[in-house]
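Here is what each chain is made of, one letter per residue.
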Amino acid sequence: MCGRYASARKKHELLEEFQVELDGDPDQELGADYNVAPTKNVYAVLSRVPKEAERAVRQLRIVRWGLVPAWAKDPSIGSRMINARAETLAEKPSFRQAFAKRRCLLPADGYFEWMPVEGDDGKKRKQPYFIRPDDGGVLAMAGLYEFWKDPSRADDDPLKWLVTCTVITTDAEDELGRIHDRMPMMIEQDRWAEWLDPKLTDAETVSGLLVPASPGRLAAIPVSTDVNNVRNNGPDLIKPLPPEEAPALF
DNA sequence: CCAGACGTTGTT
DNA sequence: GTCTGG
DNA sequence: CCAGACGTTGTT
DNA sequence: GTCTGG
């Protein structure tokens with residue numbers, strides 16, 4: 001699955017790597033985040049037709065992780081909507097609309113998975129792994145975004161509309177499956193444009209874009225349990241553990 | 001009809 | 001044990 | 001995903 | 001808002 005990831009690239013790098021036309025939040029830049037957790041703000045690449053325009057424009061926006069459906073009475077439900085199963089997206093009431101019209105990419109340097117292991121003392125513990133492309137390239141996780149109108153705020157309040165997102169999950173490929181049986185769905189660069197196209201609303205066609213990532217591109221690196229606590233952050237969280245402290249993977 | 005859910009993961 | 005918050 | 005709370009009243 | 005269960 002995907003319940004934690006890293007996103008440390010600068011905004012200008014993302015604008016370039018994702019061939020973004022419009023910076024949706026020109027006044028805001030997120031700091032390098034090596035411990036992105038649910039409810040935090042993240043970058044999303046999406047394509048929408050701006051007001052009074054006729055053409056969809058690829059843009060980079062800051063959204064909150066944890067999708068709040070339009071019908072929610074309050075936004076707290078978002079912390080339980082951090083993932084959406086690729087297999088059932090098209091039917092689930094919480095995701096169906098977003099799947100048809102509001103798909104996005106969530107840029108990541110890599111994501112974290114916790115593997116249950118037996119410690120030297122026989123006690124159960126969990127070893128975190130950082131999973132990232134072995135060539136250091138950017139990951140484009142498939143996501144959905146949604147708008148939620150906050151009834152407690154005035155119409156002219158800039159916070160009237162909350163924009164949230166969820167990460168789509170799929171079965172993990174063989175090697176990664178040993179750590180965890182689910183993983184975030186990745187979109188290859190040659191499918192970005194189609195995935196983001198808001199005019200493409202046919203569920204079957206869109207589902208066809210959700211193909212498992214090509215295997216063998218990702219490396220799983222054992223890291224310190226410092227990542228467990230969301231208050232910790234910084235590049236040390238993705239540093240490989242010294243070999244003597246790293247449990248044998250396979 | 002109304003009430004209540006609407007989600008995923010992992011673990012036992 | 002289970003829910004909420006980050 | 002993991003960590004941390006899990007509660008109410010009244011008083012400062 | 002829309003679906004499911006009773």
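Up top is the structure.
Cut-offs used in this document
- Residues numbered from 1 in each chain as written.
- Chains lettered and ligands numbered in written order.
- Predicted model: local features only at pLDDT ≥ 70, side-chain atom pairs only at ≥ 80, totals over all residues.
- Heavy atoms only, no water.
- 1 Å grid on protein atoms, 1.4 Å probe; cavity = no way out; pocket = protein on both sides within 12 Å on 5 of 7 lines; lining within 4 Å.
- Points joined across faces, edges and corners; volume = space filled by probe spheres on them.
- Helix = DSSP H or I, 4+ residues; strand = E, 2+ residues; numbered from the N terminus.
- Nonpolar A, V, L, I, M, F, W, Y, C, P; charged D, E, K, R; others polar.
- Salt bridge = Lys/Arg side-chain N within 4 Å of Asp/Glu carboxyl O.
- Buried < 20%, exposed > 50% of the residue type's maximum accessible area, 1.4 Å probe, protein only.
- Near = heavy atom within 4 Å.
- Pairing = 2+ DSSP bridges.

Draft legend 1. Spotlight on the layout of surface pockets. By volume, the largest pocket amounts to about 570 Å³. If you list the elements that add at least two residues to the lining of the largest pocket, you get strand E5 (57-65), strand E10 (139-149) and strand E11 (161-171). When its volume is computed, the second largest pocket comes out at roughly 220 Å³. What lines the second largest pocket is Leu 22, Gly 24, Arg 48, Val 49, Pro 50, Lys 51, Gln 59 and Arg 61. Its residues assigned to classes, the lining of the second largest pocket comprises three nonpolar, two polar and three charged.

Draft legend 2. View of empty space enclosed by the protein. Counted according to the given criterion, the structure contains one cavity of 30 Å³ or more. Looking at the largest cavity, its volume works out to about 40 Å³. Lining the largest cavity, in full, are Ser 7, Leu 30, Gly 31, Asp 33, Val 36, Asn 41, Val 42 and Tyr 43. Breaking the lining of the largest cavity down by element, the ones donating at least two residues are strand E3 (33-36) and strand E4 (41-48). The greatest single-element share of the lining of the largest cavity, amounting to three residues, is contributed by E4. Tallied by class, the residues present in the lining of the largest cavity amount to four nonpolar, three polar and one charged.

Draft legend 3. Molecular detail of the pattern of salt bridges. Applying the stated criterion across every chain, the model contains 15 salt bridges. With its nearest N and O atoms 3.1 Å apart, the salt bridge here joins Arg 153 to Asp 157. Take Arg 153: its relative accessible area is 30%, and that puts it in the partly exposed class. Two residues, Lys 160 and Asp 155, come together in a salt bridge whose shortest N-O distance is 3.9 Å. A network of salt bridges, in which partner residues are shared, links Arg 85, Glu 87, Asp 171 and Arg 182.

Draft legend 4. Quick look at the protein's contact with DNA strand E. Residues in contact with DNA strand E, as listed here, are Trp 71, Pro 93 and Arg 96. Backbone atoms, meaning sugar plus phosphate, form 17% of the atoms of DNA strand E positioned within 4 Å of the protein.

Draft legend 5. Quick peek at the pairing of strand E8 (residues 110-118). In terms of residue burial, E8 counts as a mostly covered element, since seven of its nine residues are buried. In this sheet, E8 lies alongside strand E1 (residues 5-7) in antiparallel orientation, the contact comprising two bridges. Paired with Ala 6 across the strands is Gly 110, a residue of E8. Two elements, E8 and strand E9 (residues 124-133), share eight bridges in a ladder whose sense is antiparallel. Considered in E9, the bridge of Phe 112 is made with Phe 130. Where E8 folds back onto E9 in an antiparallel hairpin, the turn is made up of five residues, including Gly 122, whose phi is positive at roughly 80 degrees.

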